[in-house]
Amino acid sequence: MTTTVPSDIAELTEIMAYTDFATSAPPSVQETLGLGALHIGPAQALTIREDPSHFFNRAGGFGTDRPVTVDDLTPVCDFYRQQGVAQGSIMLTSRSLPPNWGTTVSKLGLTEGSRYTKLSRDTATVPATVGVPELEADWRIGVVEARQAHEWATVMMTTFGFTAPDMIEMAASFVGKANWRQYAVWADKRIVAVGSVFLNGECAHMFAGATLPDARGRGAQSALLAARLHAAAAEGCRWIVAETAAESPGEHNPSLHNLLRAGFEPIYDRANWLWHA
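Overview of the structure. This is a predicted model, so every value here is computed, not measured. (Residues numbered from 1 in each chain as written. Predicted model: local features only at pLDDT ≥ 70, side-chain atom pairs only at ≥ 80, totals over all residues. Heavy atoms only, no water.)

Looking at the pattern of salt bridges
Here's step 1: Counted by the stated rule, this structure contains 16 salt bridges.
Here's step 2: Two residues, R49 and E50, come together in a salt bridge whose shortest N-O distance is 3.7 Å.
Here's step 3: Judged by relative accessible area, R49 falls into the partly exposed class, the value being 38%.
Here's step 4: With its nearest N and O atoms 3.4 Å apart, the salt bridge here joins E243 to K118. Here E243, found in strand β10 (residues 239-245), pairs with K118, found in strand β5 (residues 110-122); they are 125 residues apart in sequence, far enough to count as distant. (Salt bridge = Lys/Arg side-chain N within 4 Å of Asp/Glu carboxyl O. Buried < 20%, exposed > 50% of the residue type's maximum accessible area, 1.4 Å probe, protein only. Helix = DSSP H or I, 4+ residues; strand = E, 2+ residues; numbered from the N terminus.)

Side note on the packing of helix α6 (residues 149-159) against helix α7 (residues 165-173)
Here's step 1: At a closest axis distance of 8 Å, the pairing of α6 and α7 adopts a crossing angle of 120°. When the axis of α6 is compared with that of α7, the two are oblique. Between α6 and α7 lies a crossing of right-handed hand. Together, A149, H150, W152, A153, T154, M156, M157 and T158 of α6 and M167, I168, M170, A171 and A172 of α7 make up the contact between the two elements.
Here's step 2: Looking at the contact of α6 with α7 residue by residue, the class counts come to 10 nonpolar, 3 polar and no charged. (Axes fitted to C-alpha atoms, helices over the stretch in contact; angles between N-to-C directions. Parallel < 35°, antiparallel > 145°, perpendicular 65-115°, else oblique. Left-handed = near helix turned anticlockwise from the far one by under 90°. Contact = heavy atoms within 4.5 Å. Nonpolar A, V, L, I, M, F, W, Y, C, P; charged D, E, K, R; others polar.)

Thoughts on the side chain of T104
Here's step 1: Take T104: it is sitting in helix α4 (residues 101-108).
Here's step 2: Judged by relative accessible area, which is 3%, T104 ranks as buried.
Here's step 3: Contacts of T104, omitting those with residues within four sequence positions, involve V70, L73 and P98.

So, in structure tokens, the structure goes:
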């Protein structure tokens, strides 16, 4: 079994996860948030106009069989413009960039934004080598049920700074979808940490692990990673991918180190290229 997932599959699975997550919201919530989605061949783009952080305005899934061109990316920029957003990201691996990338950047008005590390691991050894860490005596981990969706979504979204009720409702709406598994860690009866995994055929994607500030550093995310790894293996996924902020010299990204401890290996760093209105 190949350990390293092909980058086109890794990138496509990531953007599919984000698009599927957001478009699970009821039509009324999508309308209020100004949500839009676009398919450009295998690639996809997503916008949420009422997200002031611009985090969800993103496009990805561009193949690595050939470098991207201005013609590939112009529909994304046009989509962002039509959706009325002030900023959007285009996620491209270094293999996707053409030799004349500087010219493309100038034509489209792109600037280089934050960098992310893409990681992957295979599932072949998950059952034998990855155990769910033991939690504190009054803590437990489990699958989220529909009746727990709002509390779960509130922990997830507010931890990342998304406090608007419609954003929380959007997150609650995808709990229980057939191609997702959502997990939580409870301290007594209170959800203190959350995480999801998106199942896309041979490839799974770790999505939105978050822990409340007063519960950090106590093993919740390690337990959630392990549970999601086992879920992906049980569903027949061949690879599991994740991404997190790249770690610059002198920095320490806890999410990156949690993933490394769970057997993930960095496969490449990727820049997010920013379009501005």
